[in-house]
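Structural overview for review
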There are 2 protein chains.
Amino acid sequence: MNTSIERGGFTLPGESGYEQLTLELAKRWGADVIRDSDGTKLSPEIVEAGYRIYSTVCVIREHNAFAEAHPETQQQAFLSSDPVLAEGDTVVIVPLRGYFEEQFQLNDTPEAMPFWQVWDRTADRLVPAEQWQYKDGKITVCGAEPWHRYTASFLCWRIWEEINMYNHTTNHWTSEHLRQLDPRHPLAWEYLQKFMDDWCVTNPQTNVVRLTSLFYNFVWIFGDDMRRRSRFVDWASYDFTVSPAALRAFEEEYGYALTAEDFINKGFLQATHRPPTAHKRDYMDFIQRFVAEKAKALVDIIHRHGKQAYVFYDDSWVGMEPSGKYFASVGFDGLIKCVFSGFECRLCADAKVPVHELRFHPYLFPVGLGGLPTFSEGGHPERDAMDYWLHVRRALLREPVDRIGLGGYLHLTEGYPAFVDAIENMTHEFHRIKALHAEGAPATLPITVAVLHTWGSLRPWTLSGHFHETDWNALIHINEALSGLPVNVRFISFEDVLKGGLEGVDVVINAGRAGDAWSGGAAWSDPELVAALTRFVYRGGAFIGVGEPSACPGGDTFFRMAHVLGADEDDGRYACHAKWETGESLEGLNPCLRLIDPDTRVVDIEPLKLTRHAFGKGTGVYMGGFAYSPEAAKALLRLLMDLTGADTAQIPACDHPYVETAWFPASKTLAVLNNAEEEITVSITGLDCGELTLAPFEMRFVVGR
Amino acid sequence: MNTSIERGGFTLPGESGYEQLTLELAKRWGADVIRDSDGTKLSPEIVEAGYRIYSTVCVIREHNAFAEAHPETQQQAFLSSDPVLAEGDTVVIVPLRGYFEEQFQLNDTPEAMPFWQVWDRTADRLVPAEQWQYKDGKITVCGAEPWHRYTASFLCWRIWEEINMYNHTTNHWTSEHLRQLDPRHPLAWEYLQKFMDDWCVTNPQTNVVRLTSLFYNFVWIFGDDMRRRSRFVDWASYDFTVSPAALRAFEEEYGYALTAEDFINKGFLQATHRPPTAHKRDYMDFIQRFVAEKAKALVDIIHRHGKQAYVFYDDSWVGMEPSGKYFASVGFDGLIKCVFSGFECRLCADAKVPVHELRFHPYLFPVGLGGLPTFSEGGHPERDAMDYWLHVRRALLREPVDRIGLGGYLHLTEGYPAFVDAIENMTHEFHRIKALHAEGAPATLPITVAVLHTWGSLRPWTLSGHFHETDWNALIHINEALSGLPVNVRFISFEDVLKGGLEGVDVVINAGRAGDAWSGGAAWSDPELVAALTRFVYRGGAFIGVGEPSACPGGDTFFRMAHVLGADEDDGRYACHAKWETGESLEGLNPCLRLIDPDTRVVDIEPLKLTRHAFGKGTGVYMGGFAYSPEAAKALLRLLMDLTGADTAQIPACDHPYVETAWFPASKTLAVLNNAEEEITVSITGLDCGELTLAPFEMRFVVGR
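So, here's what we can say about the structure.

Calculation criteria
- Residues numbered from 1 in each chain as written.
- Chains lettered and ligands numbered in written order.
- Predicted model: local features only at pLDDT ≥ 70, side-chain atom pairs only at ≥ 80, totals over all residues.
- Heavy atoms only, no water.
- Least-squares fit on C-alpha atoms with pLDDT ≥ 70 in both.
- Contact = heavy atoms within 4.5 Å.
- Buried area = accessible area lost by both parts, 1.4 Å probe.
- Salt bridge = Lys/Arg side-chain N within 4 Å of Asp/Glu carboxyl O.
- Polar contact = N/O pair within 3.5 Å; in protein donor to acceptor, adjacent residues only side chain to side chain.
- Helix = DSSP H or I, 4+ residues; strand = E, 2+ residues; numbered from the N terminus.
- Buried < 20%, exposed > 50% of the residue type's maximum accessible area, 1.4 Å probe, protein only.
- Pairing = 2+ DSSP bridges.
- Axes fitted to C-alpha atoms, helices over the stretch in contact; angles between N-to-C directions.
- Parallel < 35°, antiparallel > 145°, perpendicular 65-115°, else oblique.
- Left-handed = near helix turned anticlockwise from the far one by under 90°.
- Nonpolar A, V, L, I, M, F, W, Y, C, P; charged D, E, K, R; others polar.

**Observations concerning the relation of the copies chain B and chain A**
Rotating chain B by 180 degrees about the axis while translating it 0.0 Å along that axis superimposes it on chain A, leaving an RMSD of 0.1 Å. Both copies are brought into coincidence by an operation consistent with a two-fold rotation axis. Of every C-alpha in chain B, the one belonging to Pro-553 of chain B sits nearest the axis of rotation, 5.4 Å from it. Most of the interface of chain B is mirrored in chain A, where 100% of its interface residues again form contacts.

**Brief notes about the interface of chain B and chain A**
Taken residue by residue, the interface counts 58 residues in chain B and 58 residues in chain A. Across the interface of chain B and chain A, roughly 5,000 Å² is buried in total on both sides, 58% from carbon and sulfur atoms. Summed over the shared surface of chain B and chain A, the result is four salt bridges. With a shortest N-O distance of 3.9 Å, Arg-227 of chain B and Asp-599 of chain A are connected by a salt bridge. At the boundary of chain B with chain A, the tally comes to 20 residue pairs in polar contact (both at pLDDT 80 or more). If you list the elements that add at least two residues to the side of chain B that touches chain A, you get strand 15 (230-234) and helix 15 (527-538) of chain B.

**Let's talk about the pairing of strand 29 (residues 659-664) of chain A**
All names here are of chain A. Taking burial as the measure, the six residues of strand 29 include six buried ones, the bulk of the element. Burial along strand 29 is two-sided: the residues Val-659, Thr-661 and Trp-663 and Glu-660, Ala-662 and Phe-664 are all buried. With six bridges connecting them, strand 29 and strand 30 (residues 669-674) associate as antiparallel partners. Of the residues in strand 30, the one forming a bridge with Trp-663 is Leu-670. Joining the antiparallel neighbours strand 29 and strand 30 is a turn of four residues, in which Lys-668 adopts a positive phi near 50 degrees.

**A closer look at the packing of helix 5 (residues 186-202) of chain B against helix 8 (residues 278-304) of chain B**
All names here are of chain B. Close contact between helix 5 and helix 8 brings their axes to 9 Å; oriented N to C, the two are set at 25 degrees. Viewed along their axes, helix 5 and helix 8 adopt a mutual orientation that is roughly parallel. As helix 5 runs across helix 8, the sense of the crossing is right-handed. From helix 5, Trp-189, Leu-192, Gln-193, Met-196, Asp-197 and Cys-200 reach across to helix 8, where they touch Lys-294, Ala-297, Leu-298, Ile-301, Ile-302 and Arg-304. When its residues are assigned to classes, the contact of helix 5 with helix 8 shows eight nonpolar, one polar and three charged.

**What about unusual backbone geometry?**
The phi torsion of most residues other than glycine is negative, and most of the peptide bonds are trans. Going from Glu-606 of chain A to Pro-607 of chain A, the amide bond is cis rather than trans, its omega being 0 degrees. In this structure, Ser-550 of chain A takes a positive phi of about 55 degrees despite not being glycine. Within the secondary structure layout, Ser-550 of chain A lies in the loop between strand 23 (542-547) and helix 16 (562-565). With a relative accessible area of 0%, Ser-550 of chain A lands in the buried category. Backbone geometry at Cys-576 of chain B places phi at a positive 80 degrees, although glycine is not the residue there. Here Cys-576 of chain B shows up in the loop between strand 24 (567-569) and strand 25 (593-595).

**Let's talk about the pattern of salt bridges**
Residues and elements named next belong to chain A. According to the stated counting rule, one finds 62 salt bridges over all chains in the structure shown. The partner of Arg-28 in a salt bridge is Asp-421, and the shortest N-O contact between them spans 2.3 Å. Residue Arg-28 is located in helix 1 (residues 19-28), and its partner Asp-421 is located in helix 12 (residues 417-439); the two are separated by 393 residues in the primary sequence. On the basis of relative accessibility, which here comes to 31%, the residue Arg-28 falls in the partly exposed class. One salt bridge connects Glu-698 with Arg-700, and the closest N-O pair in it is separated by 2.6 Å. Here the salt bridges share partners, and the residues they tie into one network are Glu-253, Asp-285, Arg-289 and Lys-325.

**Re the environment of Phe-360 of chain B**
All names here are of chain B. Here Phe-360 is to be found in strand 18 (residues 355-360). The class of Phe-360 is buried, set by a relative accessible area of 4%. Along the primary structure Phe-360 and Tyr-388 are separated by 28 residues, whereas in three dimensions their C-alpha atoms are 8.0 Å apart. Phe-360 has contacts with Val-339, Trp-389, Val-392, Ile-404, Gly-405, Leu-406 and Met-426, leaving out every residue within four places of it along the chain.

Shown next, in the form of structure tokens:
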């Protein structure tokens, strides 16, 4: 890890044609690296100005000539047609109807056709291949059951790389549509290795190849109706990795064949928010190994040319989860994560890689990811930047990273001097935080929290994408709160629990909706999981359930941990069973909540409302939901301290709901964050420093005696 | 059916000690019958005053001497202990802990013990009988799995008749606790027949034996903790019919044995609101036949003595559903239904029995069923009576009954002259309605609505008990609305649909919560059910789904009729699938609703909010819920007319939301109801009568030319 420097550790997006601006802002923001971006170039004047140079390489695209010459090397996907009603015994299905024809093209090659399927979705029955035929872009089903609905699952080529497609359709780009190659195809793989080698030769100025990212994009399926242009988007799905070759290789290795339905799943696909099937788990591991192996080969080429390979973990990253089993084997020199939030910093900081870099938002672009203006009429990029920084800053005080930076079109900052100032202030605060960490790590309370969900350590901190893409899930709010709290955090799976994963854990959090990957769904039907957590709490641990924790139909309670929580959700089966009249108001918790023990108490820890239930020596806590705010984070901390009885006397702190602190014992320094847009005066316990008055959003370091 | 009389058709509860009041009110209210009530007697002065006399007989209770001499003839039930956590490999369960010991007593006789069970509820596993033993009121389980939860299912005697128990605990009665006999026990049955015969001999003054009701009460389980005194209450459950003898007889007849778990169902029991298992269906039929057979024997005795047998359908009525297969075979002379609501009138009116009588509320008692004061400090019995009458009146205009009446302690009316007036007015209105029907039936629009649920015609109109006992179900609100609308109404089951039950139907309504008996639960996994309804709508029918209609996990939509509705509920599986952006606001419909067709439209028919979706020649309609009000009922009528395009030109009507009408073509009379507590002026279409100004709550008959 780099040590404290007042300058450096900042990556600036340069822009050809704006050489003076580039060098001026490089100086102002203390940059030591200049990078290009998707759509920008660096001119010789910039390249030769004495900065280290990152160059963006999107490995699988920008090869249209090759793709056109070898269309069979393009990437693919399974799709399902929308259901078609049988009005008689013949049904005609036009597979791609409703999809965006500039993104997809049917793969009706002899290699692909055996993987196509037709389903009677009303009867949930696969239609035998003898009963349907495909001709001229249409499937005709014979002997259909009248009034049943039929779908076709089929392979198609993806003929427009999705990030490029997004930029065209959102930002009105008019350049050629970029295609993408599948490294699984031997021709493509041979080509890509040569491309990487050639690229290194022809780009001697580049110090760091910024891989954006590897091979397979997250899933983004467009429709042809503008009322639902983006039909499906999941930042962590694997559907865009598939091909007949992959399916054959999988079968050879695993001894069983995957079918279209393993991907299509009645039309729902298999989103990251849903528990995976056993087949999907196998398939993910299979893809992860493939991605790691191919990535290593490219990184080796880059290293052979004396360059470093950093990877950007946001586009075409599927299969290279930084906490996955194979990530370290690739040999990346750095990981770059674009961040809006604290949890993303922790995710980046935790990766086993030499350099951790954050790319801040807003991206220097006219509009943001959500489609709202940033560097254009109506935009307030300085406010956006500060909003994100408030989330990031508290996480950085828990775990530092090595570098920060920006991306996009630098010239857009012209006319936004408040933004330029804001970034300058952030770089200062970043350096102060880094320097503080360099003197010694911050103190952590003796509290270990295990976030329990289906994916466990494969998907720590994140769910699927950025906060605002998953913000209907209580868990992302909880992860965001945890990212800045002085507690140890682990992410464990249900399998981990059975393998001793509760060892050393004080508090387990399970937060999700019934049946989703975060709550756990069918995992909870395992009595040994329930028994292990029951023992854990009975012997003194705490279990915090949020939303529909441990929910699983078929038991004698809907929440399988209801006996620990002292509360359950009425899924309808409590019909005619009376409620306990204990005088507690459950309003605001969950309209279907039932106390199943009259000793369960409703407690307010503003702004949190929860139930508490003593169970053996431990406690069950239920919350209907959790919405991140600085106050909610502090309330969560208070709850954790209360549940564990952790001895906190040694650590200076402040109990103001808007003020967070991090204590660095080696330097006897207390970092004090004002998370509010107003001046706040506070006193600090455990540090003899008198009252402090903090400016809006101020970060103050107070040194103890 | 009786024909119009200005007096008569009224049953008055007389009261010994209040002879003058009895005779005065009998005259004022036009009574032709005087009855006793639970807790009151009739003196000779009343009996001999020239009125017909109803005498209440609660067949299975008031036999404490016999029950004490033969405790083995008492009624029984299966109960489950609350779960007990295994902290080691031994678990001790005290079966009745948490239950009301004045209601239950363990049946640990050799005959009962083989039916006891112990369950590992964590693993959902029956514990082999070798692993547990019962001694001194405790069950000890050996070889338990630590940290699993165990329950015992056991038989117990019910030593306090529940209606009597309710009156004691609610109204502070102090008399002896009444026990109840099980007619299945040969000794008890012999005794009961003799009792009935003797009773008829010793009560020569009685014209009508008012059976209240037969043998088995609905299920009402009390706990020992006052914070949940009534643990479980279901007006239509069969759990109180069980005994080792019944179980043995069942096995002999059906060739398979029922177990405790068939009743206990993981502790949830089998409430009427939940779809029954196949075993429960068999058991219900078995009990219905037994009840009908024994009831017939008693009715035959009553008839032999020249008396009539009316049955009151509200206490101990289980197994004698008036629309059940065996009801008519009993030979009752009349059915008496206590009513708060319109749907209860329709239920009574539809029964195949010579005389239909309604017993109005409020019951002449200090407090009402809900525990609020009626004839006591703070009570307003006249308002309550009018509130119920407004519901009843509109239903009576659709289907008449023969008689009305009251029950309870007549002396309580002293000091409530407004109540006495209100009843007098009601008797007048009742006679006017009856007279109108006598001239010819009201016109019905050419619209046939089929309410589709699990129970079909076994449970028409009612769900399980009174409106206020089931008012969280949208369906009871819908039934209440339908009870006063000029449309034909059927109640059909899912089996009926497959047997041609949609023949002649215009609109199907399915309204319930996912998994409940009203929505249908697993019934919807039958593709032929879905196909039949799909065809029905495609060819021009309408399907109205309310709440979570046709909801069943495991399909390619959560609502199995989603393709017809053009809308589905996101049970979590739509994760990452984008919503249609059609500009329609789904607010107020269902927070998880998804349009699955961009052509689905949101429509307001005040106060209803719904979606409409054209499907073939028919329509799918979705509503998030339905709350009964006069306006909502009129909006529903408008919706039904709109969906069917029914020709309504021949029938005079009024489109004011608070005013309902019923057209009697034979007498060219339009009954006009003002449902509002304010004066309303309206015009009538199709009847040349000028503007009408109606007093608050007025019923006006307008005769056409």
